[in-house]
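Read off the chains here:
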Amino acid sequence: MKLTVLVDNNTLIDRYFLGEPGLSFFIEEGDKRILFDTGYSDAFLKNADKMRIDLRNLDYVVLSHGHVDHTWGLTHLIRLHMEAKNEEILHNTPKIIGHPLVFNTKLFDPVGEIGSILSHEKLSRHFPVRLTKEPLWLTDRLVFLGEIKRIFDFEGKDSIGQVVTDQGNVNDFVLDDTAIVYKSSEGLVIIVGCAHSGICNIIEYAKEVCQEERVVDIIGGFHLLNPTKEQLDNTVRYIKDLKPTKLHACHCTDLHSKIALSTAAYLGEVGVGLQLSYMELGK
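Residues numbered from 1 in each chain as written. Predicted model: local features only at pLDDT ≥ 70, side-chain atom pairs only at ≥ 80, totals over all residues. Heavy atoms only, no water.

1. Considering the overall build of the chain
Piece 1. When you go through the chain residue by residue, the secondary structure sums to seven helices and 17 strands.
Piece 2. Considered along the principal axes of its C-alpha atoms, the chain spans approximately 55 × 50 × 35 Å.
Piece 3. Across the 283 residues that make up the chain, the buried fraction comes to 57%.
Piece 4. Taking contacts inside the chain between residues at least 6 apart in sequence as the whole, the part at least 24 apart equals 72%.
Piece 5. In the form shown here, the chain has an accessible surface area of approximately 12800 Å², with 48% of it arising from carbon and sulfur atoms.
Piece 6. Across the chain, the centroid of the 30 positively charged side chains sits 3 Å from that of the 40 negatively charged ones. (Helix = DSSP H or I, 4+ residues; strand = E, 2+ residues; numbered from the N terminus. Buried < 20%, exposed > 50% of the residue type's maximum accessible area, 1.4 Å probe, protein only. Contact = heavy atoms within 4.5 Å. Areas by Shrake-Rupley, 256 points an atom, 1.4 Å probe, with all protein chains shown as cover. Lys, Arg positive; Asp, Glu negative; His and termini not counted. Charge placed at Lys NZ, Arg CZ, Asp CG, Glu CD.)

The structure is reproduced here in structure tokens:
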């Protein structure tokens with residue numbers, strides 16, 4: 001599997017790409033091409049074009065959760081594919097994968113709407129959509145985790161505004177927050193968006209779903225922005241016990257938390273243009 005960072009808060013020196021407070025990864029696994037999140041704007045498309053990555057040719061678009069910095073780029077992806085159809089440019093229509101709550105309206109005072117611009121109905125007129133709480137294997141080695149079990153009492157407990165449901169407005173604990181996992185020959189590669197459900201909760205559920213205890217890497221946002229001392233201390237302790245080969249914490253992970261995480265495992269730098277490769281099983 002190869003993962004390319006299309007959007008992150010950071011860019012790398014001498015790599016002339018656009019950064020924004022959002023996240024988007026391009027993943028190649030076997031003959032499948034997956035876009036994981038779309039960032040906030042069209043920056044992911046501009047960066048992909050500079051990297052000679054054709055996002056007209058995708059098998060899946062996986063959404064980690066419904067917040068603006070992960071889904072608002074979808075409107076630009078729709079435009080790219082609509083123009084390809086209109087101009088008869090070779091393209092492949094991807095399937096959208098997410099949690100059943102990923103397109104629900106999310107409200108946060110005083111900003112207002114912080115969820116997806118597109119409804120399930122609108123998006124499904126452009127791309128097929130598969131929403132599930134259950135794990136879904138995209139390839140023999142790559143799995144969408146669905147709804148994350150929350151077992152630790154130090155994370156995944158805070159609500160962010162409200163989510164509009166059939167039962168009315170309720171506190172939003174971001175139950176749609178999820179991840180995808182790759183089973184490499186050396187262990188799991190866990191790919192997260194913001195980890196609102198808790199980075200340790202995600203890791204434990206990934207191990208359960210994949211029946212694998214070894215973890216090679218965790219890349220994405222760890223949702224450690226001004227965390228409490230209890231949360232940070234417990235997270236660092238958990239990572240030390242986990243003994244992953246490396247970490248690539250980015251996006252919604254602050255400097256203080258990165259420094260703390262670096263005491264638990266090797267912490268690699270992340271920025272737009274970074275490419276990471278992992279060995280397949282049996283290779």
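After that view of the structure, there is still more to cover.
2. Quick notes on unusual backbone geometry
Piece 1. Here the bond from Asp-109 into Pro-110 is cis, since omega is 0 degrees, no more than 30 degrees from zero.
Piece 2. Residue position: Pro-110 is located in the loop between strand 6 (106-108) and strand 7 (112-113).
Piece 3. Phi is positive for His-223, close to 50 degrees, though the residue is something other than glycine.
Piece 4. You can see His-223 is positioned in the loop between strand 15 (215-221) and helix 6 (229-242).
Piece 5. Taking the relative accessible area as the measure of exposure, His-223 reaches 27% and is therefore partly exposed.

3. Remarks on the packing of helix 5 (residues 199-210) against helix 6
Piece 1. Where helix 5 meets helix 6, the closest approach of the two axes is 10 Å, and the angle between their N-to-C directions is 30 degrees. Taken together, the axes of helix 5 and helix 6 are roughly parallel relative to one another. Contact residues: helix 5 offers Ile-199, Cys-200, Ile-203, Glu-204 and Lys-207, while helix 6 offers Thr-235, Tyr-238, Ile-239 and Leu-242. (Axes fitted to C-alpha atoms, helices over the stretch in contact; angles between N-to-C directions. Parallel < 35°, antiparallel > 145°, perpendicular 65-115°, else oblique.)

4. What about the side chain of His-81?
Piece 1. By secondary structure assignment, the location of His-81 is in helix 3 (residues 74-86).
Piece 2. On the accessibility criterion, His-81 (2% relative accessible area) is buried.
Piece 3. The residues touching His-81, leaving out its near neighbours within four places in the chain, are Leu-55, Arg-56, His-91, Asn-92, Pro-94 and Phe-127.

5. Brief notes about the packing of aromatic side chains
Piece 1. Evaluation of the coordinates by the stated rule reveals four aromatic pairs.
Piece 2. An angle of 40 degrees between the planes, with centres 5.3 Å apart, marks the rings of Phe-152 and Phe-154 as tilted.
Piece 3. Using a relative accessible area of 11% as the deciding quantity, one classes Phe-154 as buried.
Piece 4. The interplanar angle of 70 degrees and the centroid separation of 5.6 Å between the aromatic rings of Phe-152 and Tyr-238 together place this pair among those described as edge-to-face. In this pair, Phe-152 is assigned in the loop between strand 10 (142-144) and strand 11 (162-165) and Tyr-238 in helix 6, connecting sequence segments 86 residues apart.
Piece 5. Through a chain of ring-to-ring contacts, the aromatic side chains of Phe-152, Phe-154 and Tyr-238 assemble into a single cluster. (Phe/Tyr/Trp six-rings, centres within 6.5 Å; stacked < 30°, edge-to-face > 60°.)

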